[in-house]
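# What the coordinates show
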Amino acid sequence: MVSATSEDSKMAVGLSEADWPPETGRRLSVTRRFLLRPETGGFVSAAVVFSFFAVVAGGNGFLSRLGTADWVDGASQLGLVALPLGLLMIAGEFDLSIGSVVGATSIIVAICSGYYSLSPWIGIALSVVFGILVGLANGLITIWTKLPSFIVTLSSLLMISGGALGVSNWLTSASNITAEPVGSAPGVFASSWEGFDVSILWWLGLVGAATYVLQRTSFGNWVYATGGNAETARLAGVPTNRVKVSLFVATSLGAVLAGVVETLTFRDGNVTLGAQYVFTGIAAVVIGGVLLAGGYGSAIGTVFGSITYGIVSIGVFFLGWNADLTELFIGVFLLLAVVANKRLRQMAVGRA
Amino acid sequence: MFSNRRSRMKLAGFLMVVVVGAAAAVAAVAGTASAGGAGGSVPRIVFVSGPLTDSFFPPLYNGAKQAAHDLGIKFNYIPINEADIEQSSAQTMQAAIAQHPDALVVGDFVTPVVDPLIKQAIKKGIPVYVDQSGQDQWQADGAFGFIGQQGPATGQAGGRELIKDGVKHALCVNNVPGNPYLTKICMGLAAAMKAAGGDSVMLPLPTADSTDPQKVTQDIGAFLASHKSIQGILCENAAVGSDAVTAAQQANRKVHIGTLALSKQTISQLQSGQLDFLINEQPYLDGYLGMLFAYTYAKYGLSPIGAVATGPAIVDKSNLAKILSVVKKYPGVLGST
């Protein structure tokens, strides 16, 4: 009998489900192949929480167009951050600085377009450069110092947060700046149709690109190999340093994109924007099936993880239960979703 | 794997729960699609207001809950997350609108985000009542009324109290610099001081510091040290008021301090003379009367005209005894315990 944990560790050394089971000569049923896919767990979590809220809160507007748009929009903004973060975590590293990169981006964009009345594209371009620099710094410092990326990005989180506040106060004497919506930028990043934001399109487009890269390119193989066992991968010729730095940059750029979308949507820049993503981003990635140890997971998994969190955090607003316990309910539902996810995986791999 | 009968049945059972859940969802939607809306027998009213972790809001929530209980209303309170206030303001309002309640009562903290959503709710036929914040926008948004305090009047009341204590140079501590209501309070104080021949200056606290008592105490202390002429301080929430008391003690300065919002700590500081006065915004009334007026408007089309003032009400040594007896007898009505 194969237990769930040894199954996971086999996956962790880079075997895909196509290689499993190795050399037994048995063909897997379609069901089992489906259940073994990395994103199935995230899908189950999303299905469980959606069913729950649909039954309990469906009559109260959760299933209406506006209610659906509410959680889908939230999931899309979280998803923009969770997607590259998920790839980075597959490669075995963490990035906590995403929380302050979103806020710093909103300060940059808001100051440029609101305080100095420049075109928002200038602020956006500056934010992209900023994001690339942050990603490079996170990646290179992690590699050179050999410190855990958790610690390195925790320090950059604090440095960026304090720096953004300082710059904002120095230039404008305020920590909250309104950003006027002018030109084409708000249309590209912040328009919506019937309540559904354009960020959904950005998100799905990037998910498609990420899935292609992970499944069809050698870079994708390198990502899994680096996460599975970086030393072995390096000896096998995988440029692990290049992989990690690229993914740190991609993660920061994901946070920049989320920051641009939110700043142009709310027409307001604030250092604290997006601070929650430090927790919710990692939650979405893990619910989506990426192992904390690295080496396993998929881009589509982060989609289901973001959807799960979006449904839970918005669904509680439709329950009408005791408001003192809102956060308690969110935590409980997330735990239930992840437990259902785990049970299903155990059932899938539990009986050989 | 599923050659074993038990595990097959376990999996089947599991998947059935998911499928049944989805089917029940469809049935629930079909069944209840006609219910709700103004024709329903039990009125449904949704509040979108501040988080219960902020000590100002539990009395508001308790007031609204009591009114809902007394009037037989189906009540849903959706708290805004102050840590992510813009996105949360948008998501909570959208959720409230999606429920299509008979009336919506909202605290308009982040006006650029919430005003368009108020207009959207009204366009959808949901009457909106603005509660506690949004003093200057509610009319333009089309809401049918406002309940709460006006910033300038509150600042003026604080100014009168400080002037009574002989203060000529005052400090106003603003703990949420982006909030227009709090800024107007400081402007009201400045107007009152100027009319009495004195002056007033505003200290905006960086939002990142405002919930950290140590930082607030340091910020106020540093300001007092560099501005020796300050004789009086007005604070805008209970926590900052307590921190100002600490800062004045540490700086060894004799200053007259008053603050908005009641709490166990500020009441005891008033008793011991460390605070000179409290300005009671009476959030319990914001909740109770907000619910009541939303109910009468949704059901009969009746409500008070214009803005209803629930403050400023001054609490000082002269009426402290009554306040204390209410706090003892009815916890959760006047302020945090």
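Bear in mind that the values here come from a model prediction, so they are computed numbers and not experimental data.

## Let's talk about the confidence of the model for chain B
- Summarising the model, chain B shows a mean pLDDT of 86, and 86% of its residues fall at 70 or more.
- Per-residue pLDDT stays below 50 along residues 27-39 of chain B; that stretch engages in 14 contacts with residues further than four places along the chain or on separate chains.

## Considering the packing of helix 6 (residues 120-145) of chain A against helix 12 (residues 240-266) of chain A
Residues and elements named next belong to chain A.
- Contact geometry for helix 6 and helix 12: axes closest at 8 Å, N-to-C directions at 150 degrees. For the element pair helix 6 / helix 12, the angle class is roughly antiparallel. By crossing handedness, the relation of helix 6 to helix 12 is classed as right-handed.
- Split into classes, the residues belonging to the contact of helix 6 with helix 12 amount to 16 nonpolar, ten polar and one charged.

## Quick notes on the pairing of strand 2 (residues 74-79) of chain B
All names here are of chain B.
- Counting buried positions along strand 2 yields five of six residues, so the element is predominantly enclosed.
- Across six bridges, the pairing between strand 1 (residues 44-49) and strand 2 is parallel. Across the sheet, phenylalanine 47 pairs through a bridge with tyrosine 77, a residue of strand 2.

## Re the packing of helix 3 (residues 40-57) of chain A against helix 14 (residues 299-315) of chain A
Residue and element names in this part refer to chain A.
- Relative to each other, helix 3 and helix 14 sit at 25 degrees, their axes nearing to 8 Å. For the element pair helix 3 / helix 14, the angle class is roughly parallel. The element helix 3 and its partner helix 14 pack so that their crossing is left-handed. Taking contact as the criterion, the partners of Gly42, Phe43, Ser45, Ala46, Val49, Phe50, Phe53 and Ala57 in helix 3 are, on helix 14, Gly301, Phe304, Gly305, Ile307, Thr308, Ile311, Val312 and Gly315.
- Tallied by class, the residues present in the contact of helix 3 with helix 14 amount to ten nonpolar, six polar and no charged.

## Things to note about the domain arrangement of chain B
All names here are of chain B.
- In terms of domains, chain B is made up of domain 1 (44-149 + 283-305) and domain 2 (151-280).
- Between the C-alpha centres of domain 1 and domain 2 there is a distance of 29 Å.
- Each partner contributes to the interface: domain 1 provides eight residues, whereas domain 2 provides ten residues.

## Quick notes on the sheet that holds strand 10 (residues 277-280) of chain B
Residue and element names in this part refer to chain B.
- Spatial strand order, 7-6-8-9-10-12: six strands in an open sheet with mixed pairing. On the outer flanks of this sheet lie strand 7 (199-204) and strand 12 (313-315), each paired with one strand and no other. Shown here is a sheet whose adjacent strand axes are inclined to one another by a mean of 20 degrees, direction ignored.
- Pairing analysis gives three bridges linking strand 10 to strand 12, with the strands arranged antiparallel. Looking at the pairing, leucine 278 lines up with valine 315 of strand 12.

## A short note on the sheet that holds strand 4 (residues 128-131) of chain B
All names here are of chain B.
- Across the sheet, which stays open at both edges, the six strands sit in the order 2-1-3-4-5-11 with parallel pairing between neighbours. With one partner strand each, in any of the chains shown, strand 2 and strand 11 (307-309) form the two edges of the open sheet. Each adjacent strand pair in this sheet contributes to an overall mean axis angle of 20 degrees, direction not counted.
- The sheet contact formed by strand 5 (residues 146-148) and strand 11 spans three bridges and is parallel. Within strand 11, the position partnered with glycine 148 by the bridge is alanine 309.
- Each of strand 1 and strand 2 is contacted by helix 2 (residues 57-71), which is oriented at about 165 degrees to strand 2, the strand it contacts most.

## With respect to the pairing of strand 9 (residues 256-260) of chain B
All names here are of chain B.
- With five of five residues buried, strand 9 is to be regarded as a mostly interior element.
- Of the two faces of strand 9, the one holding His256, Gly258 and Leu260 and the one holding Ile257 and Thr259 are both buried throughout.
- Across four bridges, the pairing between strand 8 (residues 232-235) and strand 9 is parallel. In the sheet register, cysteine 235 faces strand 9, and the bridge partner there is threonine 259.
- As a crossover connection, the stretch from strand 8 through helix 9 (residues 238-250) into strand 9 is right-handed.
- The pairing of strand 9 with strand 10 spans three bridges and is classified as parallel.

Calculation rules
- Residues numbered from 1 in each chain as written.
- Chains lettered and ligands numbered in written order.
- Predicted model: local features only at pLDDT ≥ 70, side-chain atom pairs only at ≥ 80, totals over all residues.
- pLDDT = per-residue confidence, 0-100.
- Contact = placed C-beta atoms within 7 Å.
- Axes fitted to C-alpha atoms, helices over the stretch in contact; angles between N-to-C directions.
- Helix = DSSP H or I, 4+ residues; strand = E, 2+ residues; numbered from the N terminus.
- Parallel < 35°, antiparallel > 145°, perpendicular 65-115°, else oblique.
- Left-handed = near helix turned anticlockwise from the far one by under 90°.
- Nonpolar A, V, L, I, M, F, W, Y, C, P; charged D, E, K, R; others polar.
- Buried ≥ 20, exposed ≤ 12 C-beta atoms within 10 Å, placed from the backbone.
- Pairing = 2+ DSSP bridges.
- Domains from an automatic or database assignment.
- Right-handed = clockwise from strand over helix to strand, strands pointing away.

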